[in-house]
Amino acid sequence: MTTLTQPASNTLSLNYILRPRSNRLAPNRVTVKCVYAFEPSSLGIGSNRADWQSSCAILSSKVVSEEKPSSSSNSAGNNGSAADNIAAVNGHKTAVTDLDLVPVNGIADSSKPLPPKPLTISDLSPAPMHGSQLRVAYQGVPGAYSEAAAGKAYPNCEAIPCDQFEVAFQAVELWIADRAVLPVENSLGGSIHRNYDLLLRHRLHIVGEVQLPVHHCLLALPGVRKEYLSRVISHPQALAQCEHTLTKLGLNVAREAVDDTAGAAEFVAVNRLRDTAAIASARAAELYGLQVLADGIQDDPSNVTRFVMLAREPIIPRTDRPFKTSIVFAHDKGTSVLFKVLSAFAFRNISLTKIESRPHRNRPIRLVDDANVGTAKHFEYLFYVDFEASMAEVRAQNALAEVQEFTSFLRVLGSYPMDMTPWTPSSRGN
């Protein structure tokens, strides 16, 4: 490795370092790269302008030294002369010996540790979309319906259980998980308001949805009969979805709510509670060693829970398949503007699949002064709307542009493919 130094009379010193280019040029070719540094000088610009322009031209040129190949190693060692090594500088061929190359000490045999290897594009590439090697966060413990939804949304994924909904959001934000699959509504129990509030609080994007039929089972320890039960525990919505069936089974038991269905099954199994049953899935019975006392105890066989898939970055909307878009907005003039907002979708033949209102946390109450009737208090709301259109469609873009004229706040939560998977109602067992 060698370097070139200009005469000391110039105010600019140029160091040329000869480095072989690996994997790009043949072994008999090397690349010369420039390293320059300014030296202080008291001279004026006048006579040095030409030198400066010449130096810049040299720095911007591509200097490539070509070693003339030889037929054998012996002839290369004997006949290899400086005249055979020609360098191209600014388009002119110059002998390498004319460059006055000298060795650079301390570069080849450096005792310092090598710097860290830089990241490559493969290190920054996104995870595969088909679910392989994806880490997906869900709320609950193994055996929960959310785990089944994560497996349906991303087959072969690594499911990460979280004890709370907000922990699942934070797991994605902190790169502990790649995706999160969380429920937002049930066909019987309605919306899960907690997750709607978290969608607004966090900056994750909806990238898909999955609808999962719910099949509830009454689980207990092996050998326990229904007549011995004194209480049933499960998630509040699961208890509400099985209320009439539990009465028909003749169970005069207390109903207690816990965080999730699979957690209820785990609680019964770990504590060996022979007077307590849990409402959970059949998979939870297999995981925790419980028996199924009654299968399919949901009041309505058409019991479906809708889950959304969350990611740090949105997906690119398309028009080659059905898409759904979720937005949230607020306005300052009360609910009277809601009609105008909805008309923006109706005039463009855009179907709404859901509308949900939530109290505005920053301004829960709005005061209206009227000299005749006094001061009136109105609640301020945020509105969540899902509509069947992709943000890649012009009609959806125009609709949101019109909605923005009537709202004080508008945010697109995501534009994502609709779940078109066919499903059949759950069959009720005895």
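Going by the annotation in an unreviewed UniProt entry, the name recorded for the protein is Arogenate dehydratase, with Stylosanthes scabra given as the source organism. As stated in UniProt under Pathway (unreviewed entry), the record for the protein gives "Amino-acid biosynthesis; L-phenylalanine biosynthesis; L-phenylalanine from L-arogenate: step 1/1."

Draft legend 1. Expanded view of the pattern of salt bridges. The full count for this structure, using the stated rule, is 18 salt bridges. Among the salt bridges present, the one from Glu147 reaches Arg283, with a minimum N-O distance of 3.1 Å. Taken together, the positions of Glu147 in helix α3 (residues 145-153) and Arg283 in helix α9 (residues 282-288) put the pair 136 residues apart, joining distant regions of the chain. With relative accessibility at 40%, the residue Arg283 sits in the partly exposed group. A salt bridge links Arg318 to Asp320; the shortest N-O distance between them is 2.4 Å.

Draft legend 2. Looking closely at the state of the cysteines. For the coordinates displayed, the defined rule picks out zero disulfides. Free of any disulfide, Cys217 has its nearest cysteine sulfur in Cys242, 9.2 Å distant. The buried category is assigned to Cys217, whose relative accessible area is 1%. Here Cys242 falls in the buried class, since its relative accessible area comes to 0%.

Draft legend 3. A look at the sheet that holds strand β15 (residues 254-257). Across the sheet, which stays open at both edges, the five strands sit in the order β15-β14-β16-β13-β17 with mixed pairing between neighbours. Looking at the sheet topology across the chains shown, the edges are occupied by β15 and β17 (291-295). In this sheet, adjacent strand axes meet at a mean angle of 30° when their direction is disregarded. In this structure, strand β13 (residues 217-220) lies alongside strand β16 (residues 276-280), joined through three bridges in antiparallel fashion. Across the sheet, residue Cys217 finds its bridge partner in β16, namely Ala280.

Draft legend 4. Region of the structure containing the sheet that holds strand β23 (residues 381-387). The strand order β20-β23-β19-β24 describes an open sheet built from four strands, whose pairing is antiparallel. Each having just a single partner strand, β20 (352-359) and β24 (409-417) make up the two edges of the open sheet. Neighbour-to-neighbour, the strand axes of the sheet open up by a mean angle of 15°, direction not taken into account. Where strand β19 (residues 323-330) and β23 come together, five bridges link them in antiparallel fashion. The residue bridging Ser326 from the neighbouring strand is Asp386, located in β23. Against the sheet, helix α11 (residues 394-406) touches β19, β23 and β24, its axis set at about 160° to β24.

Draft legend 5. Broad picture of helix α10 (residues 338-346). Of all the positions in α10, only Leu338, Val341, Ser343, Ala344 and Phe345 are classed as buried. In this structure, the buried side of α10 is in contact with β19, β20, β23 and α11.

Draft legend 6. Main features of the confidence of the model for the protein. Confidence in the prediction for the protein averages 76 pLDDT; 62% of positions are at 70 or higher. Long-range and interchain partners of residues 1-47, a stretch whose pLDDT sits below 50, account for 86 contacts in this model, where long-range means more than four residues apart. In this model, residues 62-92 is a region of pLDDT below 50 whose contacts with residues beyond four sequence positions or in other chains number 50 contacts.

Draft legend 7. Geometry of the environment of Glu356. Looking at the secondary structure, you find Glu356 in strand β20. Considered as a pair, Glu356 and Asp386 are 30 residues apart in the sequence and their alpha carbons are 9.0 Å apart. If we ignore the near neighbours within four places in the chain, the residues touching Glu356 are Ser191, His193, Leu382, Phe383 and Tyr384. Only 3.0 Å separates the side chain of Glu356 from the side chain of His193, close enough to count as a polar contact. One polar contact links Glu356 to Lys354, side chain to side chain, over a distance of 3.4 Å.

So, how was this worked out
Per chain, residues are indexed from 1 in the order of the written sequence. Under the rules for a predicted model, residues below a pLDDT of 70 receive no local features and side-chain atom pairs below 80 are neither given nor counted, while totals for whole chains, interfaces and linings still include all residues. Hydrogens and water molecules were not included; the side-chain quantities draw on all heavy atoms of the structure. UniProt positions are given in the numbering used here, feature names are shortened, and annotations may be inferred rather than shown by experiment. A carboxyl oxygen of Asp or Glu within 4 Å of a side-chain nitrogen of Lys or Arg is what we treat as a salt bridge. Going along the chain from the N terminus, every DSSP run of H or I of four or more residues is numbered as a helix, and every run of E of two or more is numbered as a strand. Accessible area is worked out with a 1.4 Å probe on protein chains only. A residue is then buried under 20% of its type maximum, exposed over 50%, and partly exposed in between. Sulfur atoms of two cysteines make up a disulfide when they are within 2.5 Å. Pairing between two strands requires that DSSP report at least two bridges joining them. Helix axes are fitted to C-alpha atoms over the stretch in contact, other axes to C-alpha atoms as well, and angles between N-to-C directions run from 0 to 180 degrees. Note on contacts: a residue pair qualifies if any of its non-hydrogen atoms lie within 4.5 Å across the two residues. A residue's pLDDT is the predictor's confidence in that residue, given on a scale from 0 to 100. Residues adjacent in sequence count toward polar contacts only when both atoms are side-chain atoms; beyond that, a polar contact is any pair of N or O atoms within 3.5 Å, and within protein one must be able to donate a hydrogen and the other to accept it.

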